[in-house]
Amino acid sequence: MEEFTGYSLLRNPRFNKGTAFTKEEREKYGLIGIIPDKIETIETQILRVDEQLESYDKPINKYTYLMQLLETNETLFFKTITSEPAKFLPLIYTPTVGEACQKLGHISRRPRGLFISIDQKNNIKNILKNWPVNDIRFSVVTDGGRILGLGDLGINGIGIPIGKLLLYTSCGGVPPEHTLPIVLDVGTNNEEFLNDPLYPGLKCKRIRGKEFDDFVAAFVEAMYEVFPKVCIQWEDFPGVDAIRILETYRDKVCTFNDDIQGTAAIATAGFISISRLMKKKFIDQRFLFMGAGAAAFGIADMLVKKFQRDGLSAEEAYSHIWMFDVNGLLVSIRTDLAEHQIPFAHDGEPCTNFAEAVLKIKPTAIVGVSTVGGAFNQQVIENMSAVNERPIIFPYSNPTSHSECTAEQAYTWSKGKAIFASGSPFAPVEFEGKTFTPGQGNNVFIFPALGMAIFATEAKRVTDDMLLTASEAVAEQVTQADFEKGLIYPNVNDILNVSMKVAEKVAEHIFESGLASVERPGNMVDFIKSKMYIPSYE
Ligand code: NAD
């Protein structure tokens, strides 16, 4: 802070305190008269932020205001977000950030993060060195290929890494100065953007194949040379690219993909908390997936790991998971299966009717990752209710219009017996005088805490076992009282406490598996706390 005085200090978002500068600071840094004499607390400043926000009707305008606040006073921004996460997270991340990305080319704002175009593939190290901080520990990277449910948004997708890293800080305590949002520009197939003079990215169709893979390889190499302690989190790459990139780098560097592994971990956390609260063993669950694509395999692989951690053999674990795709039930005699589908194809008769498959397999839980809105129809839910006292219904496809059923349908058709969680949010449902609060599998309970543990321990790799440990730690924090209200995940307003406990468990696991680069501390709770960013003017 010493190097900034007067106006330059007020213009520096990291050190600016606005009207909260103390009398001594005002004298020392030449601030007297530049700000009003009255000294305010951060709580008073938050009242002003709240009032400003209330004056905007549209979430997108609230988003723009909050991003301006971030660029003016970072401490006040994070203090505001952490004051009521349930209210603010939807404004700085999904769903509002989607609209912000769509409009990014038309909103002139201070740039935040790095834009690395494939045309610069021989210059990546220099671009990374242009970033003003050299100890970057966490980078969220996208190519804008599949942003939320909105498709290809090209480099306007930078809003996602920006937003996600804000959650690493506000929900997990990862210090913001160690984070870096990046978008890789490999063109776009979005015709509207290609014809828009204000689209700021490369005006060409997406570059794919070897040229794309070589660019990603050059990027990864440059990242670890310039920022040797960084963890790269891949975000919103199209499915096949996402899987290939993860498989290529997960055993070589510290990296993970939240769409695949974070989603799997939060879904698994839901099933663990249900089992715990129903006083049932996890190994007694049987899953039937509708959809056998990228999301299904991410979740199913994590469930296999959980079954194995709880004592089943690999073969037994696979036998608890069935899948159903566009051509029907995955059974061994099918000849159209991809290699990764084969372990989930079991002996049995072919079946192309999902409701009938439910009666044959008698799953305790159905998981919808098919992108087919309404696929869990009344017959499916009634059959689930016929074979289970409390059927577990997880329609995970996004956005809401693709959800395999609504919360209301699940509760109504199961006569209030369903245990429900979805990918997209649903409002509480009244059924026969009782209010049910639908669960939403929100990765925010996983990745910020995982990020904090990786940051604190300087972990060398991100393993599925670390994610499974995070799932178990999230599930442990759901209480019987939560469950009675229909909740299978903790309360979002409690996110920082939840994340701290999850981070402790994951950090323990990192030390035990020999993946930490720092010495094991005597007290893990104090260790994590000492590394956490707390927004405060102190
Ligand atoms: P994908 O295209 O890889 O897989 C879709 C699968 O659905 C395929 O196996 C396909 O055969 C199957 N399918 C299509 N039509 C079907 C039908 N009529 N009946 C049965 N199966 C059918 O897609 P993906 O990446 O696996 O994503 C699937 C869904 O999961 C998307 O809607 C996505 O939004 C959602 N998802 C949610 C989250 C989350 O956080 N909730 C995270 C990742 C993905």
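Up top you'll find the structure we're talking about.
Residues numbered from 1 in each chain as written. Predicted model: local features only at pLDDT ≥ 70, side-chain atom pairs only at ≥ 80, totals over all residues. Heavy atoms only, no water.

### A word on the overall build of the protein chain
At step 1: In terms of helices and strands, the protein chain carries 23 helices and 14 strands.
At step 2: Radius of gyration (C-alpha) of the protein chain: 24 Å, near the 24 Å computed for a compact globule of 538 residues.
At step 3: Each principal axis of the C-alpha distribution contributes one length, and for the protein chain these read about 80 × 55 × 50 Å.
At step 4: By the burial criterion, 57% of the 538 residues in the protein chain qualify as buried.
At step 5: In the form shown here, the protein chain has an accessible surface area of approximately 22,700 Å², with 51% of it arising from carbon and sulfur atoms.
At step 6: For the protein chain, the distance from the average position of its 54 positive side-chain charges to the average position of its 68 negative side-chain charges is 2 Å. (Helix = DSSP H or I, 4+ residues; strand = E, 2+ residues; numbered from the N terminus. Rg over C-alpha atoms; globule rule 2.2 N^0.38 Å. Buried < 20%, exposed > 50% of the residue type's maximum accessible area, 1.4 Å probe, protein only. Areas by Shrake-Rupley, 256 points an atom, 1.4 Å probe, with all protein chains shown as cover. Lys, Arg positive; Asp, Glu negative; His and termini not counted. Charge placed at Lys NZ, Arg CZ, Asp CG, Glu CD.)

### Topic: the environment of Ala418
At step 1: Its location among the elements puts Ala418 in the loop between helix 18 (407-413) and strand 11 (419-422).
At step 2: Under the relative-accessibility criterion, Ala418 is labelled buried at 3%.
At step 3: Apart from the residues lying within four places of it in its own chain, the contact partners of Ala418 are Arg390, Pro391, Ile393, Ala410 and Tyr411. (Contact = heavy atoms within 4.5 Å.)

### Concerning the nonpolar core
At step 1: One finds Phe219 and Phe289 to be the most contacted residues of the largest nonpolar core, which totals 157 residues.
At step 2: Among the elements that take part in this core, helix 13 (residues 258-277) stands out by supplying 10 residues, more than any other.
At step 3: With sequence-adjacent residues up to four places away left out, Phe219 is seen in contact with Ile116, Ile124, Val141, Ile182, Leu184, Ile232 and Trp234.
At step 4: Cys351, Ala355, Val358 and Val429 belong to the second-largest nonpolar core, a separate cluster that totals 29 residues. (Core = buried A, V, L, I, M, F, W, Y, C linked by side-chain atoms within 4.5 Å.)

### Some words on the site of the ligand
At step 1: Residues in close proximity to the ligand total 18 residues, the closest being Ala292, Ala294, Ala295, Tyr396 and Asn398.
At step 2: Within the backbone of Gly293, one N or O atom sits 3.3 Å away from an oxygen atom of the ligand.
At step 3: With respect to the ligand, the side chain of Ser397 contributes an N or O atom lying 3.4 Å from an oxygen atom.
At step 4: A per-class count over the shell around the ligand returns eight nonpolar, eight polar and two charged. (Near = heavy atom within 4 Å. Polar contact = N/O pair within 3.5 Å; in protein donor to acceptor, adjacent residues only side chain to side chain. Nonpolar A, V, L, I, M, F, W, Y, C, P; charged D, E, K, R; others polar.)

### A few points about the sheet that holds strand 1 (residues 114-117)
At step 1: Read from one edge to the other, the open sheet built from five strands follows the order 1-3-2-4-5, with strand pairing classed as parallel. Looking along the sheet, the strands with just one partner apiece sit at the ends: strand 1 and strand 5 (255-257). If you compare each strand with its neighbour and ignore which way they point, the axes differ by 25° on average.
At step 2: The sheet contact formed by strand 4 (residues 231-234) and strand 5 spans three bridges and is parallel. Paired with Gln233 across the strands is Phe256, a residue of strand 5.
At step 3: Its contacts with the sheet put helix 13 on strand 4 and strand 5, and the angle it makes with strand 5 is roughly 75°. (Pairing = 2+ DSSP bridges. Axes fitted to C-alpha atoms, helices over the stretch in contact; angles between N-to-C directions.)

### A look at the environment of Ile46
At step 1: Among the secondary structure elements, Ile46 is positioned in helix 3 (residues 42-54).
At step 2: By relative accessible area, Ile46 is classed as buried at 10%.
At step 3: Expressed as a C-alpha distance, the spacing of Ile46 and Leu76, which sit 30 residues apart in the sequence, is 7.3 Å.
At step 4: In contact with Ile46, other than residues within four places in its own chain, are Leu76, Lys79 and Thr80.

### Thoughts on helix 16 (residues 354-361)
At step 1: Taken together, the buried positions of helix 16 are Phe354, Ala355, Ala357, Val358 and Ile361. The buried side chains of helix 16 occupy one side of the element, clustering within an arc of 160° when seen end-on.
At step 2: In this structure, the buried residues of helix 16 make contact with strand 6 (287-290), strand 7 (321-325), strand 8 (328-329), strand 9 (365-368) and helix 17 (378-387).
At step 3: Capping of helix 16 at its N-terminal end is provided by Asn353; its side-chain oxygen lies 2.9 Å from the backbone amide nitrogen of Ala355.
At step 4: In the stretch just after helix 16, Lys362 is the one whose phi turns positive, near 55°. (Arc of directions from axis to C-beta.)

### A word on the packing of helix 5 (residues 74-83) against helix 9 (residues 159-172)
At step 1: Where helix 5 contacts helix 9, the two axes come as close as 9 Å, and the packing angle between them is 70°. What the angle tells us is that helix 5 and helix 9 run roughly perpendicular. Both helix 5 and helix 9 take part in a crossing whose hand is right-handed. Contacts between helix 5 and helix 9 involve Phe77, Phe78, Ile81 and Thr82 on the former and, on the latter, Leu166, Thr169 and Ser170.
At step 2: Residue composition of the contact of helix 5 with helix 9, grouped by class: four nonpolar, three polar and no charged. (Parallel < 35°, antiparallel > 145°, perpendicular 65-115°, else oblique. Left-handed = near helix turned anticlockwise from the far one by under 90°.)

### Examining unusual backbone geometry
Negative phi values dominate among residues other than glycine, just as trans dominates among peptide bonds.
At step 1: The residue after Thr94, namely Pro95, is reached through a cis peptide bond having omega 5°.
At step 2: Positive phi, normally seen in glycine, also occurs at Thr371, with a value near 70°.
At step 3: As for its position among the elements, Thr371 is in the loop between strand 9 and helix 17.

### Notes on the side chain of Asn257
At step 1: Relative to the helices and strands, Asn257 resides in strand 5.
At step 2: Among the polar contacts made by the side chain of Asn257, one reaches the main-chain amide nitrogen of Asp259 at a distance of 2.8 Å.
At step 3: Contact partners of Asn257, with chain neighbours within four places excluded, come to Trp234, Ala242, Leu246 and Gly262.

### A word on the environment of Glu476
At step 1: As for its placement among the helices and strands, Glu476 is situated in helix 20 (residues 464-476).
At step 2: Using a relative accessible area of 47% as the deciding quantity, one classes Glu476 as partly exposed.
At step 3: Taking the C-alpha atoms as reference points, Glu476 and Ala269, 207 residues apart in sequence, are found 8.8 Å from one another.
At step 4: Excluding its chain neighbours within four sequence positions, the residues that come into contact with Glu476 are Arg276 and Lys505.

Taken by themselves, the reported measurements are silent on function.
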